[in-house]
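# Structural overview
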Amino acid sequence: MNTGADLDRLVRAALDAARVAPATGDVPIGAVVFGPDGEPLAAACNAREALGDPTAHAEVIALRAAAAVHGDGWRLTGCTLAVTVEPCTMCAGAAVLARVARVVFGAWEPKTGAVGSLWDVVRDRRLGHRPEVVGGVLEAECAALVAEFFAAKR
């Protein structure tokens with residue numbers, strides 16, 4: 001599942017999840033965890049504002065929900081995390097600790113990105129698990145969603 005169309009499908013699902021966030025006042029970032037068979041296990045959007053929880057990033061919420069249904073305890077072996085924006089350090093660390101096989105994301109985040117931009121947490125050679133990373137999938141569409149959100153706030 002590495003063709004452009006397959007990767008687009010993953011990030012489009014994350015975009016669908018992200019579009020729920022503006023109703024809560026949260027930054028529209030979405031994440032979906034796909035099982036080894038390519039079927040979605042869990043989807044989430046940012047919910048920091050909605051939940052009053054600084055850790056309620058879309059990735060963390062989706063990873064927790066996916067772990068609850070995947071059937072291998074907390075391990076998401078063979079799974080893919082698809083996100084609209086490059087994960088931050090917390091979310092990149094959570095992906096590594098969850099043992100996801102792959103992280104696929106849309107827009108690069110040069111200010112806080114931890115999957116290749118500012119840091120590269122997931123591919124640090126000192127870690128015991130390093131997922132595959134595919135960035136820049138539907139980048140313009142993902143970046144536009146966030147830009148529109150912040151433009152409306154100004």
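Scroll up to find the structure this text is about.
Basis of the calculations
- Residues numbered from 1 in each chain as written.
- Predicted model: local features only at pLDDT ≥ 70, side-chain atom pairs only at ≥ 80, totals over all residues.
- Heavy atoms only, no water.
- Disulfide = S-S within 2.5 Å.
- Buried < 20%, exposed > 50% of the residue type's maximum accessible area, 1.4 Å probe, protein only.
- Axes fitted to C-alpha atoms, helices over the stretch in contact; angles between N-to-C directions.
- Helix = DSSP H or I, 4+ residues; strand = E, 2+ residues; numbered from the N terminus.
- Parallel < 35°, antiparallel > 145°, perpendicular 65-115°, else oblique.
- Left-handed = near helix turned anticlockwise from the far one by under 90°.
- Contact = heavy atoms within 4.5 Å.
- Lys, Arg positive; Asp, Glu negative; His and termini not counted.
- Salt bridge = Lys/Arg side-chain N within 4 Å of Asp/Glu carboxyl O.
- Polar contact = N/O pair within 3.5 Å; in protein donor to acceptor, adjacent residues only side chain to side chain.

Attention shifts here to the state of the cysteines. According to the stated counting rule, one finds 0 disulfides in the structure shown. Its sulfur unpaired, Cys79 is 17 Å from the next cysteine sulfur, which belongs to Cys91. Judged by relative accessible area, Cys79 falls into the buried class, the value being 0%.

For the pair helix 3 (residues 58-70) and helix 4 (residues 89-97), interaxial distance at closest approach is 9 Å and the crossing angle is 20°. Between helix 3 and helix 4, the crossing angle belongs to the class labelled roughly parallel. Between helix 3 and helix 4 lies a crossing whose hand is left-handed. Contacts between helix 3 and helix 4 involve Glu59, Val60 and Leu63 on the former and, on the latter, Met90, Cys91, Ala94 and Ala95.

Further remarks concern the side chain of Asp26. Mapping Asp26 onto the fold places it in the loop between helix 1 (4-18) and strand 1 (30-34). No salt bridge is formed by the buried Asp26; the nearest opposite charge belongs to Arg48, separated by 5.1 Å. Of note is the side chain of Asp26, whose polar atom sits 2.8 Å from the backbone nitrogen of Arg48. Of note is the side chain of Asp26, whose polar atom sits 2.6 Å from the backbone nitrogen of Glu49. Residues in contact with Asp26, not counting those within four places in the same chain, are Ala21, Asn46, Ala47, Arg48, Glu49, Ala50 and Phe149.

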